[in-house]
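Residue-level structure breakdown
In case you want the letters, here they are:
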Amino acid sequence: QVQLVESGGGLVQAGGSRRLSCAASGRTFSSGAVGWFRQAPGKERDFVAAITWGGTGTNYADSVKGRFTISRDNAKNTVNLQMNSLKPEDTAVYYCAAKIGVYSAKYYYTWNYDYWGQGTQVTVSS
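First things first, this report covers the structure right here in the doc. (Residues numbered from 1 in each chain as written. Predicted model: local features only at pLDDT ≥ 70, side-chain atom pairs only at ≥ 80, totals over all residues. Heavy atoms only, no water.)

So, the sheet that holds strand 1 (residues 2-7)
So the rule is basically this: Between any two strands, at least two bridges found by DSSP are needed for them to pair. A helix here means a DSSP run of H or I that spans at least four residues, while a strand means a run of E at least two residues long, and both kinds are numbered starting from the N terminus. In this analysis an axis means a line fitted to C-alpha atoms, helices contributing only their contacting stretch, and an angle means the value between N-to-C directions, from 0 to 180 degrees.
Pairing within the open sheet is antiparallel, and its four strands lie in the order 1-3-8-7. Strands at the two margins of the open sheet, each flanked by one partner only, are strand 1 and strand 7 (68-73). Sheet twist, expressed as the mean angle between neighbouring strand axes with direction ignored, is 15 degrees. As paired elements, strand 3 (residues 18-26) and strand 8 (residues 78-83) share six bridges and run antiparallel to each other. Across the sheet, the residue bridging to Cys22 is Val79, located in strand 8.

If you want it as structure tokens, here you go:
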């Protein structure tokens, strides 16, 4: 079992920045991918970014490329999402997810992942 806890959400003005963190605990793993997804009211949960845990590589949705940066800290079992130049369209609940036993970040769908956090709300005001 892997437990994931997101933090860092809140209210930010358009054009501002926010950093989200995903802390993992429970079963340790040497390979896998951690992804960030977001879900706006009435919408499906969509891919934002992903990073490998024991390998190399990152991946971003076109809508956030150049504005968001995903990073990892293996020693702290933490994955971060730095969000810059935020837009009202970025308003959503942000979730982190983990897929175990892979060496690629090329996982774009909710059904690719094994474990999920509870989410953290990000609201971007205009």
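After presenting the structure, the write-up continues.
Regarding empty space enclosed by the protein
Selection criterion: Buriedness of a pocket was judged along seven lines, with at least five required to meet protein on both sides within 12 Å; pockets are open sets of points on a 1 Å grid over the protein atoms alone, cavities are sets where a 1.4 Å probe fits but cannot get out, and lining residues have an atom within 4 Å of a point. Grid points are joined across faces, edges and corners, and a volume is the space filled by probe spheres set on the points. Think of it as three bins: nonpolar holds Ala, Val, Leu, Ile, Met, Phe, Trp, Tyr, Cys and Pro, charged holds Asp, Glu, Lys and Arg, and polar takes everything else, Gly as well.
Applying the stated criterion across every chain, the model contains one cavity of 30 Å³ or more. Taken as a whole, the largest cavity holds about 30 Å³ of empty space. Along its surface, the largest cavity is lined by Leu4, Cys22, Ala24, Phe29, Val34, Trp53, Asn77, Thr78 and Val79. Looking at the lining of the largest cavity, the elements that each hand over two or more residues are strand 3 and strand 8. Here the lining of the largest cavity is built from residues that sort into seven nonpolar, two polar and no charged.

Considering the nonpolar core
Just so we agree on the cut-off: Here, the term nonpolar core denotes a set of buried Ala, Val, Leu, Ile, Met, Phe, Trp, Tyr and Cys residues that are joined through side-chain atoms within 4.5 Å. Throughout this description, buried means an accessible area under 20% of the type-specific maximum (1.4 Å probe, protein chains only), exposed means over 50%, and partly exposed covers the range between. We call two residues contacting when some pair of their heavy atoms lies within 4.5 Å.
Core analysis: the largest hydrophobic core is formed by 33 residues, its most contacted members being Trp36, Val48, Phe68, Leu81, Met83 and Tyr94. Looking at this core, the elements with two or more residues in it are strand 1, strand 3, strand 4 (32-39), strand 5 (46-52), strand 7, strand 8, strand 9 (92-100) and strand 11 (120-125). Filtering out sequence-adjacent residues up to four positions away, Leu81 remains in contact with Arg18, Arg19, Leu20, Trp36, Val48, Ala49, Phe68, Thr69, Ile70 and Tyr94.

Any functional reading would require information beyond the geometric quantities listed.
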